[in-house]
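Coordinates in review
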Amino acid sequence: MLSVASDIDALARFGRALADPIRCRILLALREAPAHPADLADELGISRTRLSNHLACLRDCGLVVTVPEGRRVRYELADARLGRALDDLRGAVLAVEADRTCPAEEAAR
């Protein structure tokens, strides 16, 4: 049972990051390979400003880190286990009920 505040905070940060589809797409892209912001924006089809805001959120949540490369910066998952966690979580959710939607999603439509 989770009772330690740091465990609960860590899961809440992860949940906050996954609450937005763009952040999910960023995490899944970075699971495949580290990337520069301009390349990520092009790959995801979003503006660099919008991407920057989402990357800041993911950095604040501790899920991604920056790696300086000369005058550029590269983003990557903070830990390789995050990629495996994303795979495990996606697999578990799909295994439970692949055709079920979240009530909150339907209310937003």
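Quick note: structure is the one above.
Residues numbered from 1 in each chain as written. Predicted model: local features only at pLDDT ≥ 70, side-chain atom pairs only at ≥ 80, totals over all residues. Heavy atoms only, no water.

**Some points on the overall build of the protein**
- Counting its regular elements, the protein contains six helices and two strands.
- Going from the N terminus to the C terminus, the protein shows its helices and strands as α-α-α-α-β-β-α-α.
- Within the protein, buried positions represent 26% of all 109 residues.
- Put simply, of all contacts in the protein between residues at least 6 apart along the chain, 50% involve residues at least 24 apart.
- Carbon and sulfur atoms make up 53% of the accessible area of the protein, which amounts to about 7400 Å² in all. (Helix = DSSP H or I, 4+ residues; strand = E, 2+ residues; numbered from the N terminus. Buried < 20%, exposed > 50% of the residue type's maximum accessible area, 1.4 Å probe, protein only. Contact = heavy atoms within 4.5 Å. Areas by Shrake-Rupley, 256 points an atom, 1.4 Å probe, with all protein chains shown as cover.)

**Notes on the pairing of strand β2 (residues 72–77)**
- In the sheet, strand β1 (residues 64–69) pairs with β2 via six bridges, with the strands oriented antiparallel. Within β2, the position partnered with Pro 68 by the bridge is Val 73. (Pairing = 2+ DSSP bridges.)

**As for the pattern of salt bridges**
- The tally for this structure, following the rule as stated, stands at six salt bridges.
- In this structure, Arg 31 engages Glu 32 in a salt bridge whose closest nitrogen and oxygen atoms are separated by 2.4 Å.
- What makes Glu 32 exposed here is its relative accessible area of 58%.
- Because the salt bridges share partners, they merge into one network encompassing Arg 31, Glu 32, Asp 87 and Arg 90. (Salt bridge = Lys/Arg side-chain N within 4 Å of Asp/Glu carboxyl O.)

**Examining the nonpolar core**
- Ranked by size, the top nonpolar core spans 22 residues in total, and within it Ile 26, Leu 27, Leu 30, Leu 40, Leu 51 and Leu 63 carry the most contacts.
- Counting only elements with at least two residues in this core, the list comes to α1 (5–18), α2 (21–32), α3 (37–44), α4 (48–60), β2 and α5 (80–96).
- Among the elements that make up this core, the one with the highest residue count is α2 (five residues).
- Apart from residues no more than four positions distant in its own chain, Leu 40 is found in contact with Ile 26, Ala 29, Leu 30, Ala 35, Leu 51 and Leu 55. (Core = buried A, V, L, I, M, F, W, Y, C linked by side-chain atoms within 4.5 Å.)

**Some points on the environment of Gly 83**
- Its location among the elements puts Gly 83 in helix α5.
- Sequence-wise, Gly 83 and Arg 31 are 52 residues apart; in three dimensions their C-alpha atoms are separated by 5.0 Å.
- Dropping the residues within four chain positions of it, Gly 83 is found in contact with Arg 31 and Leu 77.

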